[in-house]
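Notes for the structure review
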Amino acid sequence: MEMTRREMLVKSGKFILLTSAAAAAWDYVLAGKAEAAPNYDMTKHWWAMVIDPEKCIGCGNCVRACETENDVPEGYFRTWIERYHVDDWDMEHPQVDSPNGGHDGFPEKYHDGGKTFFVPKMCNHCADSPCTQVCPVGATFITPDGVVLIDPKYCLGCRYCIQACPYGCRFFNPKTNTADKCTLCYHRITQGLTTACCEACPTQARVLADLKNPKDPIHAFLRTHSVQVLKPQMATHAKVFYKNLDGSVR
Amino acid sequence: MKDFLRSIEHLLRVVLLLALGVIGFLVVRRMVIPAEFGKYGHFRPAALDEIRAHPVKFAGRQACEACHSDQADVKSKGKHANLGCEACHGALARHAEDPGSLVPKLPDTAVLCARCHEANQAKPKSFPQVKTAEHSSGLACNTCHKPHDPRIGG
């Protein structure tokens, strides 16, 4: 039997590829059927949030509630509030500040005219999120009910996702040495509670919504109001909907 | 036959090595990939249960109202009707589970009310705001307003 070196390499290459494909198929066979989580069916929900900046009073209740509920280290934020100040003669350059994330409220700063308002920010739980696409190990993912989560046991701490998020919603948690971000209070919403930020918000400026629940008022809301997502040009299919958002907000 | 085997012996060795390598790879792969990885997507399904096991700290207003119906009734008639109890009292799930284990400290109205009502240009114009220093002239807010139903004379 004559075989050139080249042929041998090609043959052995094919052999290796086919073996791993077979292994993958075998894994699939072994994996079996999905079992239902107790009392909660992931396939029956698709979580989102509606934020109304015109209702936000910048009290910082959401920031503090999130910190308490989720043990967020001091100086880091899973949700935060920004104050925008836009002068009518310079719409292109809004002034934005967020002292300590809005944790302690906002000391008065502007006394002139112009438009000033608060914008609560958080993870947008994008249906097509850049952060999950860049993770090299499958430590960040979107759940079947539409929540982007991090598996802290699997996260290597490489920080790719922090760079990838167009909204700056992720941070490096110095306590766990992993990437960290809003979980949409997954531990609460899967047992029928609303998120900590929504629970603490005094003006309903933020409201949790379930797009798969036909009775959720979000359907009527989305039909009858003008809503916007942040950075739509990034095609992330963000699920945090802002009502009547000012064009200067990034 | 002997000649033939001999002439492909070097090939057999390579194949053997390769086979060993592939088996080794599969064994290691089995060991490092957690069970059920990929069941719901490209992630470890057990992570969901671990995240869901996080303790709840805000009990939610329904929980408070079950025991404190007096305050809930007063509040539901006033302008603070839409506020959750824990928007002012802070996270109290531990108290709601076992009231004796943690008796909440009552909020200090000097700090509490100003957080929401201190006048600020960025707040929506329709939201009731006061310059607290001028408005209360140093008195605690609850000398005149009842926190659960803040309307004067209500």
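Scroll up to find the structure this text is about.
Report on the accompanying structure. (Residues numbered from 1 in each chain as written. Chains lettered and ligands numbered in written order. Predicted model: local features only at pLDDT ≥ 70, side-chain atom pairs only at ≥ 80, totals over all residues. Heavy atoms only, no water.)

Some words on the overall build of chain B
A count of helices and strands for chain B gives eight helices and zero strands. Taken from N to C terminus, the helices and strands of chain B fall in the order α-α-α-α-α-α-α-α. For 154 residues, the compact-globule estimate of 2.2 N^0.38 gives 15 Å, and the C-alpha radius of gyration of chain B, at 33 Å, exceeds that figure by more than 25%. The C-alpha extent of chain B, read off along each of the three principal axes, is 110 × 40 × 25 Å. Sorting the 154 residues of chain B into buried and exposed places 27% on the buried side. When the accessible surface of chain B is totalled, it reaches about 10400 Å², and 62% of it is carbon and sulfur. (Helix = DSSP H or I, 4+ residues; strand = E, 2+ residues; numbered from the N terminus. Rg over C-alpha atoms; globule rule 2.2 N^0.38 Å. Buried < 20%, exposed > 50% of the residue type's maximum accessible area, 1.4 Å probe, protein only. Areas by Shrake-Rupley, 256 points an atom, 1.4 Å probe, with all protein chains shown as cover.)

What to know about the interface of chain A and chain B
The interface of chain A with chain B comprises 66 residues on the first partner and 45 residues on the second. Note on chain A versus chain B: buried area summed over both sides is about 4600 Å², and carbon and sulfur give 60% of it. In terms of surface lost to chain B, no three residues of chain A exceed Ile57, His187 and Glu199 of chain A, which account for 13% of the buried area on that side. For the pair chain A and chain B, the interface holds four salt bridges. The salt bridge partner of Lys57 of chain B is Asp71 of chain A, with a shortest N-O separation of 2.8 Å. (Contact = heavy atoms within 4.5 Å. Buried area = accessible area lost by both parts, 1.4 Å probe. Salt bridge = Lys/Arg side-chain N within 4 Å of Asp/Glu carboxyl O.)

Structural notes on unusual backbone geometry
Residues other than glycine predominantly adopt negative phi, and peptide bonds predominantly adopt the trans conformation. Residues and elements named next belong to chain A. We note that Asp71 has phi near 50°; this positive angle belongs to a residue other than glycine. Along the chain, Asp71 falls in the loop between α2 (61–70) and β2 (79–86). Its identity is not glycine, yet Lys231 carries a phi of approximately 45°, on the positive side.

Remarks on the pairing of β2 of chain A
Residues and elements named next belong to chain A. With eight of eight residues buried, β2 lies mostly within the body of the structure. Where burial is concerned, the two faces of β2 agree: the one with Thr79, Ile81, Arg83 and His85 and the one with Trp80, Glu82, Tyr84 and Val86 are both buried. Of the pairings in the sheet, the one linking β2 to strand β4 (residues 115–122) comprises eight bridges and is antiparallel in character. Of the residues in β4, the one forming a bridge with Glu82 is Val119. Pairing of β2 with strand β3 (residues 95–97), which is carried by three bridges, proceeds in the antiparallel orientation. The partner of His85 across the bridge, within β3, is Gln95. (Pairing = 2+ DSSP bridges.)

Remarks on the side chain of Asp145 of chain A
Secondary-structure assignment places Asp145 of chain A in the loop between β5 (140–142) and β6 (148–150). In this structure Asp145 of chain A is buried but unpaired, with Arg52 of chain B as the nearest side chain of opposite charge at 7.6 Å. Separated by 2.4 Å, the side chains of Asp145 of chain A and Thr143 of chain A make a polar contact. A polar side-chain atom of Asp145 of chain A sits 2.9 Å from a polar atom in the side chain of Tyr186 of chain A. In contact with Asp145 of chain A, not counting residues within four places along its chain, are Tyr40, Met42, His45, Trp46, Trp47 and Tyr186 of chain A. (Lys, Arg positive; Asp, Glu negative; His and termini not counted. Polar contact = N/O pair within 3.5 Å; in protein donor to acceptor, adjacent residues only side chain to side chain.)

Focus on the sheet that holds β4 of chain A
Residues and elements named next belong to chain A. In spatial order, the strands read β3-β2-β4; together these three strands make up an open sheet with antiparallel pairing. One side of each edge strand has no neighbouring strand; the edge strands of this open sheet are β3 and β4. Adjacent strand axes in the sheet meet at a mean angle of 25° when their direction is disregarded. (Axes fitted to C-alpha atoms, helices over the stretch in contact; angles between N-to-C directions.)

Side note on the sheet that holds strand β10 (residues 227–228) of chain A
Residue and element names in this part refer to chain A. The strand order across the open sheet formed by four strands is β9-β1-β11-β10, and the pairing between neighbours is mixed. The open sheet has two edge strands with one neighbour each: β9 (206–210) and β10. Here five bridges tie strand β1 (residues 47–51) to β9, and the two strands are oriented antiparallel to one another. The residue bridging Val50 from the neighbouring strand is Val207, located in β9.

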